[in-house]
Amino acid sequence: MSNISVPRDNAASGASPEKSHFSGRFSEPVTELVKRFTASVTFDKRLALVDIKGSLAHARMLTRQAVITAQDLADIERGMGEIEVEILADRFDWRVDLEDVHMNIESRLIAAIGDAGKRLHTGRSRNDQIATDIRLWLRGEIDGLVMLLRATQLALVGLAERHTDTIMPGFTHLQVAQPVTFGHHVMAYVEMLSRDEARMVDCRKRVNRLPLGAAALAGTSYPIDRESVARELGFDGVCENSLDAVSDRDFAIEFVSAAALVMTHLSRFSEELIIWMSQSVGFINLPDRFCYSSSIMPQKKNPDVPELIRGKTGRVNGNLVALLTLMKGQPLAYNKDNQEDKEPLFDTVDTVRDSLTIMVDLAAAIEVRPERMAAAVKRGFATATDLADYLVRKGLAFRDAHEAVALAVRDAEKMGKDLVELPLETLQGYSKLVSDDVYAVLSPEGSVASRNHIGGTAPAQVRLAAERARRRLA
Ligand code: ARG
């Protein structure tokens, strides 16, 4: 089938719209269902503004290369200006029988300006056109997400700075492990999100290449100048193989994969917020604007927003699998399968953007309850490792120290006491090396302060880590 997409019958000619999708080569129209099944305009109209932008850059290049005239270009620019206004004002009449965003705009252009509109598609195919549109659009969205990732990090740094000295139990296996500072815990997410940011920035480099000029698949016989189009559209360069340019969507897969990691990190944080807000833990409270009540239990205040961020991670993971699966069986070059790339991509951008936007607000608004954290750190023998390390410093081998402390924990548990609450004589029963300086290491404050190296949980280190992050995010 010819790739020239100017419909033989279009609004300009006043012919019946039912026939507008097929070329002179066909003798029967598609059914209504097939028409709906193949149309993408209901969702790809989202690309309208970048589609126009790409078309104008293409038209200007055609004029410079003397393929179309300056008058044609003037008409195209005027027509596209009007169309843009109609779209922005929501007055544009999107027609499913015109299949996609490209044919809708082109058909409207021809109706508005006549013959010059019919020359716009010279040396171009919808195949390189759509690839260009997606890349232009995605590039802008990545820039927005990078800003949001930075804003989220800043909100978390602020939270960490307010809690450099707040002590909570750190967990492994969700069992109390060792005391950590809440600020240190929060800064862990800043690290994750900073890698997410770097992945987005890196992915953008491969998104930002111009497919236009590849035409349907093999390039075009017109004397085009791809580099100048790339420059005008702000691309870093051109896609160097026409078959690759129109067919691969690896850049989109890469983006959704980076987005899935963003959601994974937000989901882990959300999971923690949910646990921390549960009455049996009570480390935090979330303001009412992030919570909903129950239709039956009047006392309920549920953390719906973090639960939904956790839940929406599933759809982004699904989108990643959808795109990978979409690509894996396609022979070169373009296949209509690729039309299915848009909804997963759009949905991913929307989900990540909304989740991050909410998280910026939510992270800054978390109400921390240091007294609940302090009480929890006293249950679970969080400083047992500190006692073992103390004995090692006094000369015991680590394995022997480990065993001595294990016995102390067993007995303390029976007595219903924390290690710090055991009298000196009792502690000395496990090792003669214990003296009264032991209580400094058995306190949660002493424990966290002693982990004073880069990457450690000491308040002094959290302050430094927050400072480094602020410098990076400035
Ligand atoms: N709507 C199509 C897409 O999203 C545009 C390209 C159509 N190309 C074609 N040869 N049918 O991929």
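The shown structure was predicted, so the numbers you read here are calculated from the model rather than taken from an experiment.

Caption draft 1: Geometry of the site of the ligand. The local shell around the ligand holds eleven residues, among which Asp100, Asn127, Tyr334, Gln339 and Lys342 are the closest. Between Asn127 and the ligand, the recorded distance is 2.8 Å, taken from a side-chain N or O atom to a nitrogen atom. A distance of 2.8 Å separates a nitrogen atom of the ligand from a polar atom in the side chain of Gln339. Protein coverage of the free-state accessible area of the ligand, which is 340 Å², stands at 91%. Top element by residues in the shell around the ligand is helix α7 (residues 126–162). It accounts for three residues. Broken down by class, the residue content of the shell around the ligand amounts to two nonpolar, five polar and four charged.

Caption draft 2: Expanded view of a nonpolar patch on the surface. Taken together, Leu217, Leu243 and Leu332 make up a surface patch of nonpolar side chains, about 270 Å² in accessible area. Of note, Leu217 is situated in the loop between α8 (182–207) and α9 (226–232).

Caption draft 3: Layout of the packing of aromatic side chains. For the structure on display, the rule yields five aromatic pairs. Judged by centre distance (4.3 Å) and plane angle (50 degrees), the ring pair of Phe92 and Trp94 falls under tilted. Note on Tyr189 and Phe269: the rings are 4.7 Å apart at their centroids and 55 degrees apart in plane angle, and the pair reads as tilted. Of this pair, Tyr189 sits in helix α8 while Phe269 sits in helix α11 (residues 250–277), placing them 80 residues apart in sequence. Note on accessibility: Tyr189 and Phe269 belong to one class, buried. Over the face of the ring belonging to Phe251 we find Arg135, whose NZ or CZ atom lies 4.1 Å from the ring centre. We note Arg139 situated over the ring of Phe235; from NZ or CZ to the ring centre the distance is 5.2 Å.

Caption draft 4: Seen up close, the side chain of Thr166. With respect to the helices and strands, Thr166 occurs in the loop between α7 and β1 (167–172). Once residues lying within four places of it in the same chain are set aside, the contact partners of Thr166 are Val180, Thr181, Phe182, Val368, Pro370 and Met373.

Caption draft 5: Broad picture of the side chain of His163. Position of His163 relative to the elements: it lies in the loop between α7 and β1. On the basis of relative accessibility, which here comes to 12%, the residue His163 falls in the buried class.

Caption draft 6: Molecular detail of the pairing of β1. By the bridge criterion, six bridges tie β1 to strand β2 (residues 175–181) in an arrangement that is antiparallel. Bridge assignment links Phe171 to a residue of β2, and that residue is Val176. Counted between consecutive antiparallel strands, the loop separating β1 from β2 contains two residues, among which His173 sits at a positive phi close to 55 degrees.

Caption draft 7: Seen up close, the nonpolar core. If you look at the biggest cluster of nonpolar residues, it comprises 101 residues, and the most contacted ones within it are Ile76, Met200 and Phe255. Counting residues in hydrophobic clusters, the runner-up holds 19 residues, among them Leu391, Ala408, Val434 and Val441.

Caption draft 8: Quick look at the packing of helix α15 (residues 384–393) against helix α16 (residues 398–415). At a closest axis distance of 8 Å, the pairing of α15 and α16 adopts a crossing angle of 135 degrees. Compared by their axis directions, α15 and α16 come out oblique. Crossing angle aside, the handedness with which α15 passes α16 is right-handed. Contact with α15, carried on its side by Ala384, Leu387, Ala388, Asp389, Leu391 and Val392, involves Phe398, Ala401, His402, Ala404, Val405 and Val409 of α16 and no other residues of that element. Partitioning the contact of α15 with α16 into residue classes produces ten nonpolar, one polar and one charged.

Caption draft 9: Spatial organisation of the environment of Tyr439. Within the secondary structure, Tyr439 sits in helix α18 (residues 438–442). When the C-alpha atoms of Tyr439 and Gly282 are compared, they prove to be 28 Å apart, with 157 residues separating the residues in sequence. Those residues in contact with Tyr439 that sit more than four places away from it in its chain are Val420, Leu422, Pro423, Leu424 and Leu427. Looking at Tyr439, its side chain comes within polar contact range of the main-chain nitrogen of Leu424, at 3.0 Å.

What counts and how
- Residues numbered from 1 in each chain as written.
- Predicted model: local features only at pLDDT ≥ 70, side-chain atom pairs only at ≥ 80, totals over all residues.
- Heavy atoms only, no water.
- Near = heavy atom within 4 Å.
- Polar contact = N/O pair within 3.5 Å; in protein donor to acceptor, adjacent residues only side chain to side chain.
- Areas by Shrake-Rupley, 256 points an atom, 1.4 Å probe, with all protein chains shown as cover.
- Helix = DSSP H or I, 4+ residues; strand = E, 2+ residues; numbered from the N terminus.
- Nonpolar A, V, L, I, M, F, W, Y, C, P; charged D, E, K, R; others polar.
- Patch = residues over 30% accessible without salt bridge, like charges linked within 9 Å, V, L, I, M, F, W, Y side chains within 5 Å.
- Salt bridge = Lys/Arg side-chain N within 4 Å of Asp/Glu carboxyl O.
- Phe/Tyr/Trp six-rings, centres within 6.5 Å; stacked < 30°, edge-to-face > 60°.
- Buried < 20%, exposed > 50% of the residue type's maximum accessible area, 1.4 Å probe, protein only.
- Lys NZ or Arg CZ within 6 Å of the ring centre and 35° of its normal.
- Contact = heavy atoms within 4.5 Å.
- Pairing = 2+ DSSP bridges.
- Core = buried A, V, L, I, M, F, W, Y, C linked by side-chain atoms within 4.5 Å.
- Axes fitted to C-alpha atoms, helices over the stretch in contact; angles between N-to-C directions.
- Parallel < 35°, antiparallel > 145°, perpendicular 65-115°, else oblique.
- Left-handed = near helix turned anticlockwise from the far one by under 90°.

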